[in-house]
Amino acid sequence: GSMEPAFHRGDLLFLTNFREDPIRAGEIVVFKVEGRDIPIVHRVIKVHEKDNGDIKFLTKGDNNEVDDRGLYKEGQNWLEKKDVVGRARYALLAVMGAYVLLKRES
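The name an unreviewed UniProt entry assigns to the protein chain is Signal peptidase complex catalytic subunit SEC11C, from the organism Ictidomys tridecemlineatus. Within the UniProt record for the protein chain, the comment given under Function (unreviewed entry) is "Catalytic component of the signal peptidase complex (SPC) which catalyzes the cleavage of N-terminal signal sequences from nascent proteins as they are translocated into the lumen of the endoplasmic reticulum. Specifically cleaves N-terminal signal peptides that contain a hydrophobic alpha-helix (h-region) shorter than 18-20 amino acids." Recorded in UniProt under Catalytic activity (unreviewed entry), the annotation for the protein chain is "Cleavage of hydrophobic, N-terminal signal or leader sequences from secreted and periplasmic proteins."

Okay, structure coming up:
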């Protein structure tokens with residue numbers, strides 16, 4: 001998967017989402033893009049903070065060669081806090097997640 005070796009497809013992720021905490025480069029976020037059904041789990045690679053406090057950020061899968069701009073909705077170059085579903089803290093055994101995936105996809 002795009003986040004190996006940090007996470008593997010099928011891992012169950014434990015998430016937090018304290019909206020007041022700033023997004024930082026290097027952290028792994030789960031985000032939802034308009035027009036896509038499934039949330040994406042990727043690492044924040046760049047943060048852009050405006051003088052008024054607004055924060056925008058760019059993500060990329062650890063195993064991917066390019067950033068995620070091609071995954072965002074057309075014309076969108078940055079994500080915002082409103083796009084974040086959660087922040088990955090750690091993963092649980094891939095076996096359990098794989099079981100959930102199999103059940104969901106069958």
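Next, the rest of the story.
(A) Focus on the pairing of strand β2 (residues 28-31). Side chains of β2 alternate between two faces, with I28 and V30 and V29 and F31 buried alike. In the sheet, β2 pairs with strand β3 (residues 40-49) via four bridges, with the strands oriented antiparallel. By the bridge assignment, F31 is partnered in β3 with I40.

(B) Local environment of the side chain of D83. Of note, D83 is situated in the loop between β5 (79-80) and β6 (84-92). Apart from the residues within four sequence positions on either side, D83 is in contact with V30, F31, K32 and Q76.

(C) Spatial organisation of empty space enclosed by the protein. On inspection of all chains with the given rule, the structure shows one cavity of 30 Å³ or more. Each pocket or cavity is described by its volume, and for the largest cavity that value is around 30 Å³. Lining the largest cavity are N17, R19, I23, K81, V84 and R87. A per-class count over the lining of the largest cavity returns two nonpolar, one polar and three charged.

(D) Representation of the environment of E74 within the structure. Mapped onto the elements of the fold, E74 is located in the loop between β4 (55-60) and β5. Residue classification places E74 among the exposed positions, given a relative accessible area of 82%. Sequence separation between E74 and G35 is 39 residues, and the spatial gap between their C-alpha atoms is 9.7 Å.

(E) Spatial organisation of the pattern of salt bridges. Within the structure shown, the criterion is met by six salt bridges. In this structure, the salt-bridge partner of E80 is K56, at a minimum N-O distance of 3.9 Å. Of this pair, E80 sits in strand β5 while K56 sits in strand β4, and the two are 24 residues apart along the sequence. We classify E80 as partly exposed; its relative accessible area is 31%. With a relative accessible area of 25%, K56 lands in the partly exposed category.

Reading the values: the criteria
Residues numbered from 1 in each chain as written. Predicted model: local features only at pLDDT ≥ 70, side-chain atom pairs only at ≥ 80, totals over all residues. Heavy atoms only, no water. UniProt positions renumbered as here; feature names shortened; annotations may be inferred. Buried < 20%, exposed > 50% of the residue type's maximum accessible area, 1.4 Å probe, protein only. Helix = DSSP H or I, 4+ residues; strand = E, 2+ residues; numbered from the N terminus. Pairing = 2+ DSSP bridges. Contact = heavy atoms within 4.5 Å. 1 Å grid on protein atoms, 1.4 Å probe; cavity = no way out; pocket = protein on both sides within 12 Å on 5 of 7 lines; lining within 4 Å. Points joined across faces, edges and corners; volume = space filled by probe spheres on them. Nonpolar A, V, L, I, M, F, W, Y, C, P; charged D, E, K, R; others polar. Salt bridge = Lys/Arg side-chain N within 4 Å of Asp/Glu carboxyl O.

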